[in-house]
Amino acid sequence: MYNFKVIDKECTSLFNNIKLNELKNKNILVTGANGLIGGFLSDFFNFLNIEHNFKINLFLTSYSSKDKLSRIKHIVDNNKNTYFSWDCSERVNQLNLPDKLDYVFFCSGYGQPSKFVKNNIKTILINIVGLESLLDYMNRNGGGNLLFLSSSEIYGNPPDEMIPTPEEFGGLFELYNNRASYKESKKVGEVICKEYNKLEHLNTKVARVALTYGPGALLDDERVLQEFIFKSHNDSEIKMLDEGFSIRKYLYITDSIEILLNIILNGKKFVYNVGGDTEAVSIYDLASIIAEQMQVKVIKGSTTNKTHKSAPKSVGLSMKRYQTEFRKNKNIDLKTGIQKTIEWFNLRGKK
């Protein structure tokens, strides 16, 4: 179904780009481990153990029961890793956790708009109840480091003068926006992290992630980039829902993971944007790139997708704060990243 050889190659590439010695012999928890970012982090830590003997004690959790895991089944089947199912809208069962958590990557939540707008209350509780229960546990058990994956959604629709959007922009509050539960709960999650960060033995960081894509996405992922790939394969065309004027800047998965690891290991600030800072692309242009690789045509639409009616017109984050500290090398270009994503799904051109 999936081509995990693509992930293996990306893990090797990532290992050569970042210093990771601080992770050796540590207890690491990844929540949302069956998702895109959580799944890649899980693969990478497993890779560090197998290929470089890091001796990480790896704990993984997601909403899925063990027998229904699709993304990380191969990792969970390794008896050296620990997996438990957790509904993050509830407090964590402490019996599933080790005596001390050195690093926590909180990747839980519905990253797909089509899902979080249908699960508003659960979406809110995941980013508040689940997050706080972990921080409370860490506080009572020796502290540690936690990276909270927030979202660029908290900025809303920034005015033109705030694009690329810096971390200092406070965002817009829209109570009746159909994405409010996601955006506002991410904001509260950030505040919770800020308060716990005041404790001497806890180090919390916030990553406002935007438009990460690449190998590791699942077949039921309904975000637009994957949706275009599936439409190409299943329908031999990409029929759009509108004209595709919205502008996006995408970030390839290994570039995203590199940034996230640098933030939690060496970041000097509390909040960081995590997004692409080059290659602004319209949704129509994105469809055209995918169509070219899949050898199909694009058909523009004229209606508005009601599920995404309040999606930002333009998403582009300022990466100045991160670049000032870490001076990241050039990101994987969009055409190459899309090609690797298509390879992950084992798809090749028209059926």
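I will try to describe carefully the structure that is included in this document. Keep in mind that what you see is a predicted model, and the values were worked out from it rather than measured.

## Some points on the overall build of the protein chain
For step 1, the next point in the chain: Assigned secondary structure in the protein chain consists of eleven helices and 14 strands.
For step 2, the next point in the chain: Over its C-alpha atoms the protein chain spans a radius of gyration of 19 Å, differing by no more than 12% from the 20 Å that the globule rule assigns to 351 residues.
For step 3, the next point in the chain: Overall, the C-alpha framework of the protein chain stretches about 55 × 40 × 40 Å when taken along its three principal axes.
For step 4, the next point in the chain: Residues classed as buried in the protein chain amount to 55% of the 351 residues present.
For step 5, the next point in the chain: Intrachain contacts of the protein chain at a sequence separation of at least 6 include 83% that bridge at least 24 residues.
For step 6, the next point in the chain: Carbon and sulfur atoms provide 48% of the accessible area of the protein chain, an area that totals close to 15,800 Å².
For step 7, the next point in the chain: The average position of the 47 basic charges and that of the 40 acidic charges among the side chains of the protein chain differ by 1 Å.

## Re the pattern of salt bridges
For step 1, the next point in the chain: All chains considered together, the criterion is met by 18 salt bridges.
For step 2, the next point in the chain: Residue Arg-140 is joined to Asp-136 by a salt bridge in which the shortest nitrogen-to-oxygen separation is 3.0 Å. Taken together, the positions of Arg-140 and Asp-136, both in helix α5 (residues 120-140) and four residues apart, correspond to about one turn of that helix.
For step 3, the next point in the chain: A salt bridge links Lys-231 to Glu-227, with the shortest nitrogen-to-oxygen separation between them at 3.6 Å. Of this pair, Lys-231 and Glu-227 both sit in helix α7 (residues 224-235), four residues apart, roughly one helical turn.

## Observations concerning the packing of helix α1 (residues 4-15) against helix α11 (residues 334-344)
For step 1, the next point in the chain: Relative orientation of the contacting elements α1 and α11 amounts to 135 degrees, with a least axis distance of 8 Å. The angle between the axes of α1 and α11 places the two elements in the oblique class. In contact with Phe-4, Val-6, Ile-7 and Glu-10 of α1, α11 contributes Lys-340, Glu-343 and Trp-344.
For step 2, the next point in the chain: Residues of the contact of α1 with α11, tallied by class, amount to four nonpolar, no polar and three charged.

## Focus on the packing of aromatic side chains
For step 1, the next point in the chain: Scanning the entire structure with this criterion turns up 15 aromatic pairs.
For step 2, the next point in the chain: Taking 6.5 Å as the distance between ring centres and 85 degrees as the angle between the ring planes, the aromatic pair formed by Tyr-2 and Phe-4 counts as edge-to-face.
For step 3, the next point in the chain: Since its relative accessible area comes to 12%, Tyr-2 is described here as buried.
For step 4, the next point in the chain: Members of the aromatic cluster, each reached through a chain of ring pairs, are Phe-15, Phe-44, Phe-45, Phe-47, Phe-54 and Phe-105.
For step 5, the next point in the chain: The ring of Phe-54 has Lys-24 lying over it, and the distance from NZ or CZ to the ring centre is 5.3 Å.
For step 6, the next point in the chain: Here the basic side chain of Lys-300 rests over the ring of Tyr-284, its NZ or CZ set 4.4 Å away from the ring centre.

## A few points about the state of the cysteines
For step 1, the next point in the chain: This structure, assessed with the given rule, holds zero disulfides.
For step 2, the next point in the chain: Note on Cys-11: no disulfide assigned, nearest cysteine sulfur contributed by Cys-107 at a separation of 14 Å.
For step 3, the next point in the chain: Judged by its relative accessible area of 2%, Cys-11 falls in the buried class.
For step 4, the next point in the chain: Of the cysteine sulfurs around Cys-193, a residue in no disulfide, the closest is that of Cys-107, at 12 Å.
For step 5, the next point in the chain: On the accessibility criterion, Cys-193 (0% relative accessible area) is buried.

## A closer look at the environment of Ile-72
For step 1, the next point in the chain: As for its placement among the helices and strands, Ile-72 is situated in the loop between β2 (57-62) and α3 (73-76).
For step 2, the next point in the chain: The class of Ile-72 is buried, set by a relative accessible area of 0%.
For step 3, the next point in the chain: Considering only alpha carbons, one finds Ile-72 and Asp-43, 29 residues apart in sequence, at a separation of 7.6 Å.
For step 4, the next point in the chain: Not counting chain neighbours up to four residues away, the residues in contact with Ile-72 comprise Ala-33, Asn-34, Gly-39, Ser-42, Leu-60 and Tyr-83.

## Focus: the packing of α5 against helix α6 (residues 180-196)
For step 1, the next point in the chain: Contact geometry for α5 and α6: axes closest at 8 Å, N-to-C directions at 10 degrees. On the basis of their axis angle, the class for α5 and α6 is roughly parallel. The residues of α6 that touch α5, namely those facing Asn-120, Thr-123, Ile-124, Asn-127, Ile-128, Leu-131, Glu-132, Leu-135, Asp-136 and Asn-139, are Ser-181, Tyr-182, Ser-185, Lys-186, Val-188, Gly-189, Ile-192, Cys-193 and Tyr-196.
For step 2, the next point in the chain: When its residues are assigned to classes, the contact of α5 with α6 shows nine nonpolar, seven polar and three charged.

## Points about unusual backbone geometry
It is generally the case that most residues other than glycine have a negative phi and that most peptide bonds are trans.
For step 1, the next point in the chain: Cis geometry marks the peptide bond from Ile-163 to Pro-164; its omega dihedral reads 0 degrees.
For step 2, the next point in the chain: Its location among the elements puts Pro-164 in the loop between β5 (144-151) and α6.
For step 3, the next point in the chain: One non-glycine residue with positive phi stands out, namely Glu-279, at about 55 degrees.
For step 4, the next point in the chain: You can see Glu-279 is positioned in the loop between β11 (271-274) and β12 (281-282).

Here is what the cut-offs are and how they apply
Residues numbered from 1 in each chain as written. Predicted model: local features only at pLDDT ≥ 70, side-chain atom pairs only at ≥ 80, totals over all residues. Heavy atoms only, no water. Helix = DSSP H or I, 4+ residues; strand = E, 2+ residues; numbered from the N terminus. Rg over C-alpha atoms; globule rule 2.2 N^0.38 Å. Buried < 20%, exposed > 50% of the residue type's maximum accessible area, 1.4 Å probe, protein only. Contact = heavy atoms within 4.5 Å. Areas by Shrake-Rupley, 256 points an atom, 1.4 Å probe, with all protein chains shown as cover. Lys, Arg positive; Asp, Glu negative; His and termini not counted. Charge placed at Lys NZ, Arg CZ, Asp CG, Glu CD. Salt bridge = Lys/Arg side-chain N within 4 Å of Asp/Glu carboxyl O. Axes fitted to C-alpha atoms, helices over the stretch in contact; angles between N-to-C directions. Parallel < 35°, antiparallel > 145°, perpendicular 65-115°, else oblique. Nonpolar A, V, L, I, M, F, W, Y, C, P; charged D, E, K, R; others polar. Phe/Tyr/Trp six-rings, centres within 6.5 Å; stacked < 30°, edge-to-face > 60°. Lys NZ or Arg CZ within 6 Å of the ring centre and 35° of its normal. Disulfide = S-S within 2.5 Å.

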